[in-house]
Amino acid sequence: MKKNILVILLLAAVLAVGISGCLGGDDDANNTTNNSTNNSTNNSTDNSTNNSTNGSDSGNSGESKPIPTFDANLTLVDPIPAGFTFLSTTTVKSHGQHIGVTDALYGYQGIYHYGENETSVFLTYYDVAIANTTKTSEDYIQMMKDNHAKQYGSDSKISTIQINGHDATLFEAATDEVPQYGRYMIAWTLGDNMFVTVTGVVDESVLESLATATGY
């Protein structure tokens, strides 16, 4: 009888330990599940936020084309647009180029011929940095606008066009007769210290094709 009682007590103790262990295991499993869920949620949220932020940054990472070195090579375009042939490069001073700039800025000029008549078209880069002036390239574009309006009055048409993704100024002299140096002119700036002009007695589309060929 005593042996039976001892056996029953031992079985009861074993069952109690087993049940306690099972309950403890459930708690551990729940903790593991909760921790895993929390970690997963936190990591997902953090990664999503970081990726969103990084994605936003990368979307604003576009860089403009570097300003070129001022030298005679600027006047050489490659490839040369259809209908053009390159003739030569020379140095000029801005006040003698009939573009409305009265200051004597140093420039490199590429001379091109266009079409069967071999009409001269001029691609010129002017350097502001080496001049004894406090003006910027934008100031000289404004000077050109003021002088064009003064010269042609109501026949002066000045507008903004796009050349290689940036603004450029298109000058038009809407006179009955084509002016001696051409009806159209295109000009734009390269930073504070350089500006470019394309001139010639040709249509605006011809000037624009040469301007675009510069890559700037």
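Predicted model, so just to flag it, every value in this text is computed and none were measured. (Residues numbered from 1 in each chain as written. Predicted model: local features only at pLDDT ≥ 70, side-chain atom pairs only at ≥ 80, totals over all residues. Heavy atoms only, no water.)

**Brief notes about the environment of Thr197**
And then number 1: For Thr197, the location among the structural elements is in strand 7 (residues 194–200).
And then number 2: With near-sequence residues (within four places) excluded, Thr197 lies in contact with Ile99, Phe122, Leu123, Thr124, Tyr126, Met144, Ile186 and Ala187. (Helix = DSSP H or I, 4+ residues; strand = E, 2+ residues; numbered from the N terminus. Contact = heavy atoms within 4.5 Å.)

**Considering the pattern of salt bridges**
And then number 1: For the coordinates displayed, the defined rule picks out 1 salt bridge.
And then number 2: Residue Asp103 pairs with Lys135 through a salt bridge whose shortest N-O separation is 3.2 Å. Highlighted residues: Asp103 in the loop between strand 1 (84–93) and strand 2 (106–114) and Lys135 in the loop between strand 3 (119–127) and helix 2 (137–152), separated in sequence by 32 residues. (Salt bridge = Lys/Arg side-chain N within 4 Å of Asp/Glu carboxyl O.)

**Things to note about the sheet that holds strand 6 (residues 184–189)**
Strand pairing in a sheet takes place through backbone hydrogen bonds and is either antiparallel or parallel in direction.
And then number 1: Strand order in the open sheet made by the 7 strands is 1-2-3-7-6-5-4, with antiparallel pairing throughout. Looking along the sheet, the strands with just one partner apiece sit at the ends: strand 1 and strand 4 (156–163). Here the average twist between neighbouring strands, direction ignored, is 20°.
And then number 2: In the packing of helix 2 onto the sheet, the strands contacted are strand 4, strand 5 (166–173), strand 6 and strand 7, and the crossing angle to strand 5 comes to about 20°.
And then number 3: In the packing of helix 3 (residues 204–213) onto the sheet, contacts are made with strand 1, strand 2, strand 3, strand 4, strand 5, strand 6 and strand 7, and the angle to strand 6 comes to roughly 25°. (Pairing = 2+ DSSP bridges. Axes fitted to C-alpha atoms, helices over the stretch in contact; angles between N-to-C directions.)

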